[in-house]
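Structural characterization, general
Residues per chain are reported as follows:
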Amino acid sequence: VSFAAVPMYAGDEIIAVLGVASRRERDFKLQSAFIETAASEIAVGLHNAQLFDQLNENSVILKQEIAERIQTQEDLTASKETTERYLDIAAEIILTLDTQGRILLLNESGHKLLGYENGSLIGKNWFQICLPEANRKDVTAVFEQLILGDIPNVEHFENPIVTHDGKEKLILWHNSLIYDQHGEISGTLSSGEDITARKAAEEEILQ
């Protein structure tokens, strides 16, 4: 076939066809890219939604935990206040000492009997502050033997104490030992009764 027989406009038509095909290919690529972008955005959106739901769930759990802790703290505070009221009416003195003789607990009436502001003696050495110097050494020695386990618990014991203004009062003690989780002695718990007036009356009767 002679090339001369091919119409002159055939080349233009081929170019036109090729142009349409090229545009279709570009459109297809653009559509594919758009679909990929949309799919990626949808995936990100779903992931963010899942994270948001998880955050909401965690927030609810956290709020519940905070509410429970607040309630527990309120219950403990109420229990502590109730216990302190019981201690104040149970005996004139409720005293807890650690192994060094430091005051861990002394109820309000105990502070009042000794002439101190409530709570001011906590952490102080009981023997150095609240015992007369003449009796301090002997009573301290008994306490140290109790803590070491060298002698059995002295359940009942009488000894004088000295108040803030220097007055002496005779106290009848009821003692018990405190043990830690390992079974070791960690301190003492004592309830005391002021028997100063009673002893004075008994001595007058005897005389």
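The structure under discussion appears in the preceding block.
The model shown is predicted, which means the values in this text are computed figures rather than measured ones.

For the protein chain, the count of helices and strands is five helices and five strands. Put simply, the protein chain runs from its N terminus to its C terminus through helices and strands in the order α-β-β-α-α-α-β-β-β-α. Per-residue burial for the protein chain yields a buried fraction of 21% across its 207 residues.

With that settled, consider the nonpolar core. Formed by 21 residues in total, the largest nonpolar core has its most connected members in I93, L95, W126 and I161. Those elements that provide at least two residues to this core are strand 1 (93–98), strand 2 (103–106), helix 2 (108–114), helix 3 (126–130), helix 4 (133–148) and strand 4 (168–179). Here the element with the most residues in this core is helix 4; it accounts for four residues.

Next up on the list: the pattern of salt bridges. Taken as a whole and assessed by the stated rule, the structure comprises four salt bridges. When the shortest N-O distance is used, the salt bridge between R102 and D98 registers 2.9 Å. A relative accessible area of 11% places D98 in the buried class. Close ionic contact of E202 with K199 constitutes a salt bridge, the shortest N to O distance being 4.0 Å. Of this pair, E202 and K199 are both found in helix 5 (residues 196–206), three residues apart, which corresponds to roughly one turn of the helix. You can call K199 partly exposed: its relative accessible area is 27%. The network of salt bridges with common partners includes E158, K199 and E202.

Once rolled over the atoms, a probe with the size of a water molecule shows which space is left empty. Enumeration over the complete set of coordinates arrives at one cavity of 30 Å³ or more. In this structure, the largest cavity spans a volume of roughly 230 Å³. Only strand 1, helix 3, helix 4, strand 3 (156–162), strand 4 and strand 5 (185–194) provide two or more residues apiece to the lining of the largest cavity. Broken down by element, the residue count for the lining of the largest cavity peaks at four residues, all from helix 4. Its residues assigned to classes, the lining of the largest cavity shows eleven nonpolar, six polar and no charged.

Another point: the pairing of strand 5. With six bridges connecting them, strand 1 and strand 5 associate as antiparallel partners. Bridge pairing in strand 5 places T96 opposite L189. Note: strand 4 against strand 5, nine bridges, orientation antiparallel. When the bridges of strand 5 are listed, I171 appears paired with D194. The turn joining strand 4 and strand 5, which pair antiparallel and follow one another in sequence, is formed by five residues; a positive phi near 85° is taken by G183.

Quick look at the side chain of T188 now. Relative to the assigned elements, T188 resides in strand 5. Contacts of T188, omitting those with residues within four sequence positions, involve L95, T96, L97, F143, I147, S176, L177 and I178.

Our focus in this paragraph is the side chain of N159. Relative to the assigned elements, N159 resides in strand 3. For N159, the side chain forms a polar contact with the side chain of W173, separated by 2.9 Å. With sequence-adjacent residues up to four places away left out, N159 is seen in contact with L131, V139, K169, L170, I171 and W173.

Turning next to the sheet that holds strand 5. Pairing within the open sheet is antiparallel, and its five strands lie in the order 2-1-5-4-3. The open sheet terminates on both sides in strands that have one partner only, identified here as strand 2 and strand 3. Pairwise comparison of adjacent strand axes, ignoring direction, gives a mean angle of 30° for this sheet. Helix-sheet contacts for helix 4 involve strand 1, strand 3, strand 4 and strand 5, and the interaxial angle to strand 5 is about 135°. Packed onto the sheet, helix 5 meets strand 3, strand 4 and strand 5 and runs at close to 125° relative to strand 4.

About the criteria used
- Residues numbered from 1 in each chain as written.
- Predicted model: local features only at pLDDT ≥ 70, side-chain atom pairs only at ≥ 80, totals over all residues.
- Heavy atoms only, no water.
- Helix = DSSP H or I, 4+ residues; strand = E, 2+ residues; numbered from the N terminus.
- Buried < 20%, exposed > 50% of the residue type's maximum accessible area, 1.4 Å probe, protein only.
- Core = buried A, V, L, I, M, F, W, Y, C linked by side-chain atoms within 4.5 Å.
- Salt bridge = Lys/Arg side-chain N within 4 Å of Asp/Glu carboxyl O.
- 1 Å grid on protein atoms, 1.4 Å probe; cavity = no way out; pocket = protein on both sides within 12 Å on 5 of 7 lines; lining within 4 Å.
- Points joined across faces, edges and corners; volume = space filled by probe spheres on them.
- Nonpolar A, V, L, I, M, F, W, Y, C, P; charged D, E, K, R; others polar.
- Pairing = 2+ DSSP bridges.
- Contact = heavy atoms within 4.5 Å.
- Polar contact = N/O pair within 3.5 Å; in protein donor to acceptor, adjacent residues only side chain to side chain.
- Axes fitted to C-alpha atoms, helices over the stretch in contact; angles between N-to-C directions.

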